[in-house]
Amino acid sequence: MKTVPSQDLRIAVLHEADGYHAAAFCTIFNGGPRRHEFEDRDLPVIPPGARVTAVWDKNPAAAETLANTHQVDHVLSDLQDLPKFADAAVLTSGWDQYHHLIANDLIDLGVPFYVDKPLAPTLERAAEIVNRAAERGVPMFSASAVRYGRELLEMLPAIRDEGGIQYLVAASPMGTIVFYGVHAVELAVMTMGAGATVSYSGDHDKAHQITLDWDDSRTAVVLVDHRVKKITLDIHTAESARQIEISDEWYYYTDLMKHFVDMALTGEPPFPPEETIEIFRCLEEARIASGTTGF
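Residues numbered from 1 in each chain as written. Predicted model: local features only at pLDDT ≥ 70, side-chain atom pairs only at ≥ 80, totals over all residues. Heavy atoms only, no water.

Chemist: Can you help me understand the overall build of the chain in this one?
Modeler: From N to C terminus, the chain includes ten helices and twelve strands. Here the C-alpha atoms of the chain give a radius of gyration of 19 Å, agreeing with the 19 Å that 2.2 N^0.38 yields for 295 residues. Oriented by its inertia axes, the alpha-carbon framework of the chain measures out at about 50 × 40 × 35 Å. Across the 295 residues of the chain, 57% fall into the buried class. Long-range contacts, defined as pairs at least 24 residues apart, comprise 73% of the intrachain contacts of the chain with a sequence gap of at least 6. Put simply, the chain shows about 12,400 Å² of open surface, and 48% of that area lies on carbon and sulfur atoms. Charge-centre separation for the chain: the mean point of 24 positive side chains lies 2 Å from the mean point of 44 negative side chains. (Helix = DSSP H or I, 4+ residues; strand = E, 2+ residues; numbered from the N terminus. Rg over C-alpha atoms; globule rule 2.2 N^0.38 Å. Buried < 20%, exposed > 50% of the residue type's maximum accessible area, 1.4 Å probe, protein only. Contact = heavy atoms within 4.5 Å. Areas by Shrake-Rupley, 256 points an atom, 1.4 Å probe, with all protein chains shown as cover. Lys, Arg positive; Asp, Glu negative; His and termini not counted. Charge placed at Lys NZ, Arg CZ, Asp CG, Glu CD.)

Chemist: Explain the packing of aromatic side chains to me, please; I cannot follow it from the model alone.
Modeler: For any pair of aromatic rings, the description rests on two quantities: the centre-to-centre distance and the angle between the ring planes. Taken as a whole and judged by the stated rule, the model has seven aromatic pairs. Centroid distance Phe25 to Tyr253: 5.8 Å. Interplanar angle 90 degrees. Geometry classified as edge-to-face. Separated by 228 residues along the polypeptide, Phe25 in helix α1 (residues 20–30) and Tyr253 in helix α9 (residues 249–266) bring together distant segments of the chain. Exposure class is identical for Phe25 and Tyr253. Each is buried. The ring of Tyr180 has Lys117 sitting right over it, with the charged end atom 4.0 Å from the ring centre. The residue whose ring lies beneath Arg147 is Tyr148, and the NZ or CZ to ring-centre distance is 5.9 Å. (Phe/Tyr/Trp six-rings, centres within 6.5 Å; stacked < 30°, edge-to-face > 60°. Lys NZ or Arg CZ within 6 Å of the ring centre and 35° of its normal.)

Chemist: How do you make sense of the pairing of strand β4 (residues 88–91) when you look at a structure like this?
Modeler: On any regular strand, side chains alternate: one points to one face of the sheet, the next to the other face. Burial along β4 is two-sided: the face carrying Ala88 and Val90 and the face carrying Ala89 and Leu91 are both buried. One ladder, built from four bridges, connects strand β1 (residues 10–14) with β4; its direction is parallel. Pairing of Ile11 across the sheet is with Ala88, part of β4. Taken together, the three bridges between β4 and strand β5 (residues 113–116) define a ladder with parallel strand orientation. If you follow Ala89 over to β5, its bridge partner there is Phe113. (Pairing = 2+ DSSP bridges.)

Chemist: Explain the side chain of Glu151 here, please?
Modeler: On the secondary structure map, Glu151 appears in helix α6 (residues 150–153). Of the polar contacts made by the side chain of Glu151, one reaches the backbone nitrogen of Ser247; its length is 3.1 Å. Within the structure, Glu151 has its side chain in polar contact with the backbone nitrogen of Asp248 (distance 3.1 Å). The contact partners of Glu151, leaving out residues within four places of it in the chain, are Ile244, Glu245, Ile246, Ser247 and Asp248. (Polar contact = N/O pair within 3.5 Å; in protein donor to acceptor, adjacent residues only side chain to side chain.)

Chemist: Looking at this model, I keep getting lost on the pattern of salt bridges. Mind explaining?
Modeler: Once their charged atoms are close, side chains differing in charge can pair, the charge on each being opposite to the other. By the definition in use, this model includes 20 salt bridges. In this structure, Arg150 and Glu154 form a salt bridge, with 3.7 Å as the shortest nitrogen-oxygen distance. Note on Arg150: relative accessible area 27%, which makes it partly exposed. Note that Asp216 and Arg218 form a salt bridge whose closest N and O atoms lie 2.9 Å from each other. Under the relative-accessibility criterion, Arg218 is labelled buried at 15%. Beyond isolated ion pairs, a larger network of salt bridges with shared partners links Arg41, Arg150, Glu151, Glu154 and Asp248. (Salt bridge = Lys/Arg side-chain N within 4 Å of Asp/Glu carboxyl O.)

Chemist: Before we go on, may I ask you to explain the sheet that holds strand β7 (residues 167–173) in this structure?
Modeler: Through backbone hydrogen bonds, the strands of a sheet pair up, either in parallel or in antiparallel fashion. Strands sit in the order β8-β9-β10-β7-β11-β12 across an open sheet of six strands; the sheet is mixed. With one partner strand each, in any of the chains shown, β8 (197–202) and β12 (241–246) form the two edges of the open sheet. Pairwise comparison of adjacent strand axes, ignoring direction, gives a mean angle of 15 degrees for this sheet. As defined by bridge partners, β8 adjoins strand β9 (residues 207–213) across six bridges and the pair is classed as antiparallel. Each bridged residue has a counterpart across the sheet, and for Tyr200 the counterpart in β9 is Ile210. Relative to β7, helix α8 (residues 181–192) is tilted by about 155 degrees, and along the sheet it contacts β7, β9, β10 (219–225), β11 (231–236) and β12. Against the sheet, helix α10 (residues 273–290) touches β8 and β9, its axis set at about 40 degrees to β8. (Axes fitted to C-alpha atoms, helices over the stretch in contact; angles between N-to-C directions.)

Chemist: I tried to follow helix α2 (residues 60–69) on my own but got confused; where do I start?
Modeler: The periodicity of an α-helix, 3.6 residues per turn, causes residues three or four places apart in sequence to face the same way. Within α2, burial applies to Ala62, Ala63, Leu66 and Ala67. All buried residues of α2 project into a common sector of 130 degrees when viewed along the axis, lining one side. Along α2, exposed side chains directed more than 90 degrees from the buried face belong to Pro60 and Asn68. Structurally, α2 contributes buried residues whose contacts are with β1, α1, β2 (51–56) and β3 (74–75). (Arc of directions from axis to C-beta.)

If you want it as structure tokens, here you go:
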């Protein structure tokens, strides 16, 4: 398994250089115009020495702008040059369904990498990436950043003490099953486990309802609706009911990047790849049941 030998981790940020996530991740490591928003906050501590040293995008102008804004030393003209300037890579996502294709190049280059949500448009493609990386011994993972939401993480110990979640309602914005439904489905699988039966209902144009039922009578209802503005959770255990809104983005982005750096340094992904495959099974079954073909 490939790892980075020192804590002076050089990071490449790839694809969608003009996107929100690319700017957020570069800010966490290198600073930038929004750095003041979290400088004095109690946030997860990233191992020292980690820095974005290279960016690449199919749009060179976007890559140049990102690099200039966040003091990144190198703009790559050829992705194959990445190992000269970086030890690990963050692959950000876009609506064009293109970003997952770059995972093949990163596996071939042998660098540890994180793939921004969603890993791929389909279950087959997601499994192909995960399995190929495992075969080559390249550490990687993909996640929705909200799985590291402070509001949820602070609540998890009490939920476990109460025997776990019996019923969950998770709402996610934007109205697309895979690209944004991944947030809520990932939270359901993360907290309630694998093996759910998936069913779907909705009006397709405005809102999707995905229901996950486990054999032991636990249920999660996932709502994906473009009218929803925040990711929210209604969590019911045998003893209590709680409502939370996951909104502290600098916390979950920072904790996500901390887990990425830890993986690059140790070679150990933060959670089993089988969990990612289970998330995509649920998303794909819901998408097929909905009759939609979009991302």
